[in-house]
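Observations on the model geometry
What follows is the residue order along each chain.
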Amino acid sequence: MVADHGLSPAEYAKLCEQLGREPNLNELGICSVMWSEHCSYKSSRIHLSKFPTTGPRVICGPGENAGVIDIDDGDAAIFKMESHNHPSFIEPYQGAATGVGGIMRDVFTMGARPVALLNALRFGAPEHEKTRSLVSGVVAGIGGYGNCVGVPTVGGEMNFDPGYNGNILVNAMCVGIAKADQIFYSAAKGVGNSILYVGARTGRDGIHGATMASAEFSDDQEAKRPTVQVGDPFTEKRLIEACLELMATGNIIAIQDMGAAGLTSSSIEMADKGGVGIEIDLDKVPLREANMTPYEMMLSESQERMLIVLKPGTETSSRQIFTKWELDVAVIGQTTDTGRLVLSHKDEVVCDLPIAPLSDLAPQYDRPWRETEPAPVLDMSTLPLRDPIDALARLMCAPDMASKRWVWEQYDRHVMGDTLAASASGSDAAIVRIHGSNKALAMTSDCTPRYVKANPYVGGKQAVAESWRNLIASGAEPIAITNCLNFGNPERPEIMGQFVRAVEGMAEACTALDYPVVSGNVSLYNETNGAAIPPTPTVGGVGLIRDLSLPTGFGTAVEGDLLYLVGHTSGWLGSSLYAREIEGITGHEPPPVDLELEHNNGKFVQSAIGASLVRAVHDVSDGGLAAAAADMAMASGKGMALEGSDILPAHAWYFGEDQGRYLLMVSANNLTRLQDMARNDDISLSYVGEVIGDDIALGSSRMKLSELRKQWEQWLPALMEN
Amino acid sequence: MRAAVIVFPGSNCDRDAASALAQVTGQAPLMVWHQSNELPAVDLVVLPGGFAYGDYLRPGAMAARSVIMREVCKHAEAGGLVAGICNGFQVLSEVGLLPGVLMRNAGLKFVCKPVALQVERIDTPFTSQYSQKSPITIPVAHHDGNFYASQDELTRLEDQGQVVFRYVDNPNGSANNIAGIVNQANNVLGMMPHPERAMGTTGDGGDGVLFFKSLLGGFR
Amino acid sequence: MKAIVHVRLKPDVLDPQGQAITGALHALGFTEVIGARQGKIIELDLDGTDHNLAKERVETMCGQLLANTVIEQFTVTIED
Amino acid sequence: MKAIVHVRLKPDVLDPQGQAITGALHALGFTEVIGARQGKIIELDLDGTDHNLAKERVETMCGQLLANTVIEQFTVTIED
Ligand SMILES: Nc1ncnc2c1ncn2[C@@H]1O[C@H](COP(=O)(O)OP(=O)(O)O)[C@@H](O)[C@H]1O
Ligand SMILES: [Mg+2]
């Protein structure tokens, strides 16, 4: 029974000691979810504390439902990223949909109107039998939910790798906007205040599977198997509007969405943070099904529900708002001074637990870990010479590089009327204007799992650096990140080693780039049959564009403009996309990340944009310089010609993935000023090519842009609609 | 010009429509809740895009039966202007103010992209500022925009010149490439594309501005 | 009491979902499928015991909301 | 031959459409409606004459494509 609940004998003994008795079934269920990896972060917590989490613009860092940053003029941006990996593998449409719904609730819980969604998706090999149905289900689910709620889906990532065959990743990010003095928190302060349940009714959705299989618990196995959660975006939309309406009244003391572990974790977290007790009358909980037990009610993960602590005397006016939006609403209990969670059901006390120990004494592990074996450095001279344009065409049609139009045309990218750059546009980050102003938020999600796998520490740094670079390139001041740390089983030292070192790399980059972590999520145990996913610490970055009249992105080009490269090129091909896609070799040391250089190059580009000295900027990442130029060509519809290198072999020069680089498009009359600036700042700025008619040219080898575009656009539709 | 935007639970382009109207008319429209049994005296009623009632059962079906729609129908019968955009078009066809049905897209997927539209009529209150010469570009974003009507109905629509916008490159399988139609009296229009998303403020070409300017033209 | 409402597209109305199903079944090797059409089934739990009255009421619901009679037809069955 | 496939959500699975239909019917005054659930009905035209074989084949189609057995259940009826 205890094992069925996922508690170790030692954890159970600790629990009994705290209670001074054995817990009853309800209490056991509650404690087991509170102490689960998902809720307690027991394997990851000590390492997450390495992240820098404060800064001049941080209003609220990790610990609340989402992170909050100051974006001037009394405005705040609120954002978080979260995984829904396992549910999306079981039921891709609903799994992805409820992932989107869940992350939106974390954001509007804090008082923000959600204004943008992003999704970082990793699927198995394109040819794997499950991939196509998973892709179509996940994409339809993301669109089905976000489109209906009416929040634009503006960006994300999509990679394919056999390492995700049995365990896809669906990481959803939501960004919202609020007034900086109107942020709502989850601490339930004060005694005797009403607890309001609002939103959907509680059903038997997603109740902990392992527990349900227990024979002692039920003779009625079939009916009680955990039920897949189904998302109801229509209810979510009304919940957003109703909660924002209630927030404007001043009736709220605390508010919290019911996420994982539903009523249990929301009530306990609110009480714990507020230092109070909570009493709930389970007979008052709105139910979707008859005869639900207290255990089921407390562990249900039905979607689209919130818990609110109200100021005394505001019950009636608060209820009216939810009634108007045709949502279920009930006062189900109150805060107390006992410091205990007391649940009653049919006039009986069915649970009486001290709250503080549940969180304070939650197990914490410093799990043993082992450093990843150092990867060999790839010697570029061992690679054969190839026609560069041919290689470029193949690279641009590789699964990770090919156009994702098939995906993003299923997403409403423009609802709310403020999307300035979304997936389709030439911009390294999505750009969403703050309504009615001349400023905007830029946002991006990044991770290069093949780097992290080869060297978790460098890969962790790189994920943060690339995120920061993308924001710089899109004209923003990078402010802070959220993240979603997707790894395998932490009880295996080699996996724990990936986790620890990736976190350390990320933390170092965040510190060096003044780019703190304000929220995040950890998803462990991403394995099937003992095979772990490639380590995937996804970074969600948010930045501020203060003045929209300055140049952003790389969607425009003028023939005759010059292409200049910021940063140094050594021709690093280890763990590059070129090595994997063209030569079929993987697992070499990834490109080093020099954070000081990264910082200086970024600040230089930022000043160049600020002085309007550039027409377009693109960061150089997967596929190197040639792929960056091809992106610019495809976004602007103008051809690009890159010159070869006197020093490096063609593959290293065009496709090397050295970090900290940007490709700038400059008109001839701004060149001198730009060069002066580079000289003053001691920045490497070199001529690499120019904007030409309608060919894409690498040295003397060239092809029609239209042909490249055709191939690039065609790969994903061909996969999905063959 | 006085305008009202109807808000159903699940409408999500209501604010966008209001912003576009305010941009062109200089005056914020009235936002009218679906349960209201009174429509303020206005020249134009906009049924906005979105997913009223989640698009459950059929898009527009439940919204068409809401209290306010009785008033909207009266307004239309009295000659007042009604514009249904996207979900609003679906509501208008469900309530019978416009013929036909918007079925699931032929590709069965949601489609969000800018599309080229031929303006077929410039003698309606919704299109008087356009020219018929070159197509305009307006985004679509819908799952159910595949216009269907019986063959007889289609013939009638064409004969009476009720087709106002036609897709240059059909994104959803609509019969006769129909993107927008008016009723016989020319005062009720439904269209799937979103002119309120082409107001020239988000890097779009601004081709939606003339739609709202046309409306203004009749009431200055 | 229970009412089972079948809502089907009228025979002459094109059914994109049905076509897609046919195509997908063919691709899976079910070549015996000549055609497919997709409809809806709505099951209502009803208060009361009078089957005739219920049938009449549910038919009214169909006309008013559950079916779009421009393109759809419906049948109603009442069960205990 | 014809196959009629009913696809319904499993009983414990949330049915947002059904809930919305219930609400809309109440608003229209059909207060006798206690609840509604919406499912799909797929009608297949089939080549062949062997009912047993057809039923087996269509059940396979359901498992592979027509129903999502994680959240749905189905029944198959064969008619002439
Ligand atoms: N990788 C991480 N980096 C930073 N903060 C994290 C990370 N993982 C979790 N957190 C923080 O821990 C808290 C609990 O997270 P979570 O359980 O996912 O929240 P919720 O229950 O609201 O979904 C949040 O404040 C979250 O931002
Ligand atoms: Mg939360």
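Structure: above.
Note on numbering: residues in each chain are counted from 1, in written sequence order. The naming scheme follows written order: chains are lettered A onward, ligands numbered 1 onward. For a predicted model such as this one, the threshold for reporting local features is a pLDDT of at least 70, and the threshold for listing and counting side-chain atom pairs is 80 or more; totals across whole chains, interfaces and linings nevertheless cover every residue. In computing side-chain properties, one takes all heavy atoms of the structure into account and sets aside hydrogens as well as water.

Topic: the overall build of chain C
As a reminder, the rule being used: In DSSP terms, a helix is any run of H or I states spanning at least four residues, a strand is any run of E spanning at least two, and both are numbered starting from the N terminus. We take the radius of gyration over the C-alpha atoms and set the globule estimate at 2.2 Å times the residue count to the 0.38 power. For each residue, the accessible area found with a 1.4 Å probe, counting protein chains only, is set against the maximum for its type, and the residue is called buried under 20%, exposed over 50%, and partly exposed in between. By definition in these notes, contact holds between two residues if any of their heavy atoms fall within 4.5 Å. Each accessible area is a Shrake-Rupley estimate made with a 1.4 Å probe; only the visible protein chains count as cover when residues are assessed.
In terms of helices and strands, chain C carries 2 helices and 3 strands. Helices and strands appear in chain C in the N-to-C order β-α-β-α-β. In terms of C-alpha radius of gyration, chain C reaches 16 Å, well past the compact-globule figure of 12 Å for 80 residues. Along the three orthogonal principal directions, the C-alpha set of chain C runs to about 45 × 25 × 15 Å. By residue count, 49% of the 80 residues in chain C fall in the buried class. Summarising the internal contacts of chain C: among those between residues at least 6 apart in sequence, 70% fall at separations of at least 24. Of the accessible surface of chain C, which amounts to about 3,800 Å², a share of 50% is contributed by carbon and sulfur atoms.

Things to note about the site of ligand 1
Residue and element names in this part refer to chain A. For the record, the criterion: For this purpose, a residue is taken to be near a molecule or strand whenever a single non-hydrogen atom of the residue falls within 4 Å of it. N or O atoms within 3.5 Å of each other form a polar contact, as long as, within protein, one can give a hydrogen and the other can take it, and as long as residues adjacent in sequence are counted only when both atoms are side-chain atoms. Put simply, Ala, Val, Leu, Ile, Met, Phe, Trp, Tyr, Cys and Pro go in the nonpolar bin, Asp, Glu, Lys and Arg in the charged bin, and everything else, Gly too, in the polar bin.
As a matter of local geometry, ligand 1 sits amid 17 residues, with G63, E64, K80, E82 and N483 nearest to it. At 2.5 Å, a side-chain N or O of N483 approaches a nitrogen atom of ligand 1. Between ligand 1 and the protein, one listed contact pairs an oxygen atom with a backbone N or O atom of G520 at 3.0 Å. Contact with the protein chains removes 87% of the 550 Å² of surface that ligand 1 exposes when unbound. Residue assignment for the shell around ligand 1 shows that the elements contributing at least two residues are β3 (75-83), β17 (477-486) and β18 (517-523). In terms of residue class, the shell around ligand 1 is built from 7 nonpolar, 6 polar and 4 charged.

Examining the packing of aromatic side chains
Just so we agree on the cut-off: Geometry of aromatic contacts follows a simple scheme: Phe, Tyr and Trp rings, the Trp one being its six-membered ring, pair when their centres are within 6.5 Å, and the pair is stacked under 30 degrees between planes, edge-to-face over 60, tilted otherwise.
Tallied over the full model, the rule gives 13 aromatic pairs over all chains. Arranged with centres 5.2 Å apart and planes meeting at 80°, the rings of F487 of chain A and F499 of chain A form a pair that is edge-to-face. Of this pair, F487 of chain A sits in the loop between β17 and α19 (493-512) while F499 of chain A sits in helix α19; the two residues are 12 residues apart in sequence, bridging distant segments of the chain. The exposure class of F487 of chain A is buried, given its relative accessible area of 0%. When the ring of F89 of chain B is compared with that of F147 of chain B, the centres are 6.2 Å apart and the planes differ by 20°; the resulting orientation is stacked.

Considering the interface of chain D and chain A
Our working definition: A 1.4 Å probe defines the accessible area here, and the buried area is the portion of it lost by two parts on being joined, summed over both. Salt bridges are defined by distance alone: a side-chain nitrogen of Lys or Arg within 4 Å of a carboxyl oxygen of Asp or Glu.
Chain D puts 8 residues into the contact, and the matching count from chain A is 13 residues. When the two sides are added together, the surface that chain D and chain A hide from each other amounts to roughly 980 Å², 59% of it contributed by carbon and sulfur. Here chain D is connected to chain A by 1 salt bridge. Close ionic contact of R204 of chain A with D12 of chain D constitutes a salt bridge, the shortest N to O distance being 4.0 Å. Inspection of the chain D/chain A interface yields 2 residue pairs in polar contact (both at pLDDT 80 or more). Taken together, the residues that form the side of chain D that touches chain A break down as 5 nonpolar, 2 polar and 1 charged.

Topic: the interface of chain C and chain D
Taken together, the contacts link 31 residues of chain C with 32 residues of chain D. Summed over both sides, the interface of chain C with chain D buries roughly 2,900 Å², with 63% coming from carbon and sulfur. If you sort the residues of chain C by the area they bury against chain D, F30, E32 and I41 of chain C come out on top, with a joint share of 19%. Here chain C and chain D share 4 salt bridges between them.

Comments concerning the pattern of salt bridges
Counted by the stated rule, this structure contains 67 salt bridges over all chains. The salt bridge involving K704 of chain A is made with D695 of chain A; its shortest N-O contact spans 2.9 Å. On the accessibility criterion, D695 of chain A (12% relative accessible area) is buried. Among the ionic contacts, a cluster of salt bridges with common partners joins R204, D205, R288, E289 and E296 of chain A together with D12 of chain D.

A few points about the nonpolar core
Definition in use: Each nonpolar core is a collection of buried residues, namely Ala, Val, Leu, Ile, Met, Phe, Trp, Tyr and Cys, held together in the definition by side-chain atoms within 4.5 Å.
Of all hydrophobic cores here, the largest spans 97 residues; its most connected members are F165 and F211 of chain B together with L44, V58 and L66 of chain C. Among the elements that line this core, the one with the most residues is helix α2 (residues 51-66) of chain C, at 6 residues. Every residue in contact with L44 of chain C, bar those within four places of it in the chain, is listed here: M1, K2, A3, V5, V58, M61 and L66 of chain C together with L25, V33, G35 and A36 of chain D. Counting 63 residues, the second-largest nonpolar core is a separate cluster that includes V68, M110, V138 and V170 of chain A.

Describing the relation of the copies chain C and chain D
Quick reminder of the rule: We superpose the copies by least squares over the C-alpha atoms of residues that have a pLDDT of at least 70 in both of them.
The transform that puts chain C on chain D rotates by 180° and translates by 0.0 Å along the axis, for an RMSD of 0.1 Å. The relationship between the two copies is best expressed as a two-fold rotation axis. Among all residues of chain C, the minimum C-alpha distance to the rotation axis is found for K40 of chain C, at 2.2 Å. When the interface residues of chain C are mapped onto chain D, 100% of them again fall at the interface, so both copies present the same face.

Thoughts on the pairing of strand β11 (residues 328-336) of chain A
Residue and element names in this part refer to chain A. Selection criterion: When DSSP finds two or more bridges between two strands, those strands count as paired.
Bridge analysis of strand β7 (residues 194-199) against β11 gives 6 bridges, and the strand direction is antiparallel. Following the sheet pairing, Y197 is matched in β11 by A330. One ladder, built from 4 bridges, connects strand β9 (residues 277-281) with β11; its direction is antiparallel. Note on β11: the bridge partner recorded for I280 is G333.

Some details on the coordination of the magnesium ion (ligand 2)
Residues and elements named next belong to chain A. What counts, and what does not: Ligating atoms shown are N, O and S within 2.8 Å of the metal, or 3.2 Å for Na, K and Ca, and water is not included, meaning a site may look less than complete.
Each protein donor to the magnesium ion (ligand 2) is listed here as N65 (OD1), D106 (OD) and D257 (OD); together their distances run 2.0 to 2.3 Å. For the magnesium ion (ligand 2), the donor residues sit on a single chain with the sequence spacing N-x40-D-x150-D. With D106 in helix α6 (residues 92-108) and D257 in strand β8 (residues 252-257), this pair connects stretches of sequence that are 151 residues apart. Here D106 and D257 have matching classes, each one buried.

Some remarks on unusual backbone geometry
Residues and elements named next belong to chain A. Positive phi outside glycine occurs at D73, with the angle close to 60°. Considering the arrangement of structural elements, one finds D73 in the loop between β2 (67-70) and β3. Its identity as a non-glycine residue notwithstanding, E304 has a phi of 60°, on the positive side. A relative accessible area of 1% places E304 in the buried class.

Let's talk about the arrangement of the chains
For the 5 pairs of chains in contact, the maximum contact count is reached by chains C and D. One finds no contact between chain A and chain C; the C-alpha atoms of the two approach each other to within 10 Å at their closest.

With respect to the environment of N172 of chain B
All names here are of chain B. Residue position: N172 is located in the loop between β9 (163-167) and β10 (178-182). Residue classification places N172 among the buried residues on the basis of a relative accessible area of 0%. Note: C-alpha distance between N172 and N105 (67 residues apart in sequence) is 4.6 Å. Those residues in contact with N172, other than ones at most four positions away along the chain, are N105, A106, H142, G145, N146 and Y167.

Here's the deal with the packing of helix α18 (residues 456-473) of chain A against α19 of chain A
Describing two packed helices takes the angle between their axes plus the distance from one axis to the other. All names here are of chain A. Basically, it comes down to this: Orientation is described by lines fitted to C-alpha atoms, with helices fitted over the stretch in contact, and by angles between N-to-C directions that extend from 0 to 180 degrees. These descriptions rest on fixed angle ranges, namely under 35 degrees for roughly parallel, over 145 for roughly antiparallel, 65 to 115 for roughly perpendicular, and the rest for oblique. Should the near helix be turned anticlockwise from the far one by less than a right angle, the crossing is termed left-handed; should it be turned clockwise, right-handed.
Where α18 contacts α19, the two axes come as close as 7 Å, and the packing angle between them is 40°. Classified by the interaxial angle, the pair formed by α18 and α19 is oblique. Crossing geometry of α18 relative to α19 is assigned as right-handed. Every residue of α19 that contacts α18 at P456, Y457, G460, K461 and V464 is listed here: Q498, R501, A502, E504, G505, M506, E508, A509 and C510. Here the residues of the contact of α18 with α19 are counted per class, giving 7 nonpolar, 3 polar and 4 charged.

A look at the sheet that holds strand β15 (residues 430-433) of chain A
Residue and element names in this part refer to chain A. Pairing within the open sheet is mixed, and its 6 strands lie in the order β14-β15-β16-β21-β17-β18. Unpaired on one side and paired on the other, β14 (419-421) and β18 mark the two borders of the sheet. Along the sheet, successive strands turn relative to each other by an average axial angle of 20°, direction set aside. Judged from the 4 bridges that link them, β15 and strand β16 (residues 440-446) form a sheet pairing that is antiparallel.

Some words on the environment of V139 of chain A
All names here are of chain A. Tracing the backbone shows V139 in helix α7 (residues 131-149). Separated by 42 residues in the primary sequence, V139 and A97 place their C-alpha atoms 8.9 Å from one another. When residues no more than four places from it in sequence are discounted, the contact partners of V139 are W406, V407, Q410 and Y411.

Quick word on the environment of R615 of chain A
Residues and elements named next belong to chain A. Among the structural elements, R615 can be located in the loop between α21 (595-610) and β23 (616-619). Classification of R615 as partly exposed rests on a relative accessible area of 29%. Residues R615 and R370 lie 245 residues apart in sequence; the distance between their C-alpha atoms is 47 Å. Separated by 2.4 Å, the side chains of R615 and D561 make a polar contact.

Considerations on the side chain of S93 of chain B
Residue and element names in this part refer to chain B. Take S93: it is sitting in helix α4 (residues 87-95). Residue S93 is classed as buried on the basis of its relative accessible area, which comes to 10%. At a separation of 3.2 Å, a polar atom in the side chain of S93 contacts the main-chain carbonyl oxygen of Q90. Not counting the four nearest positions on each side in its chain, S93 is found in contact with L98, P99, G100, V101 and L102.

Structural measurements only, silent on function.
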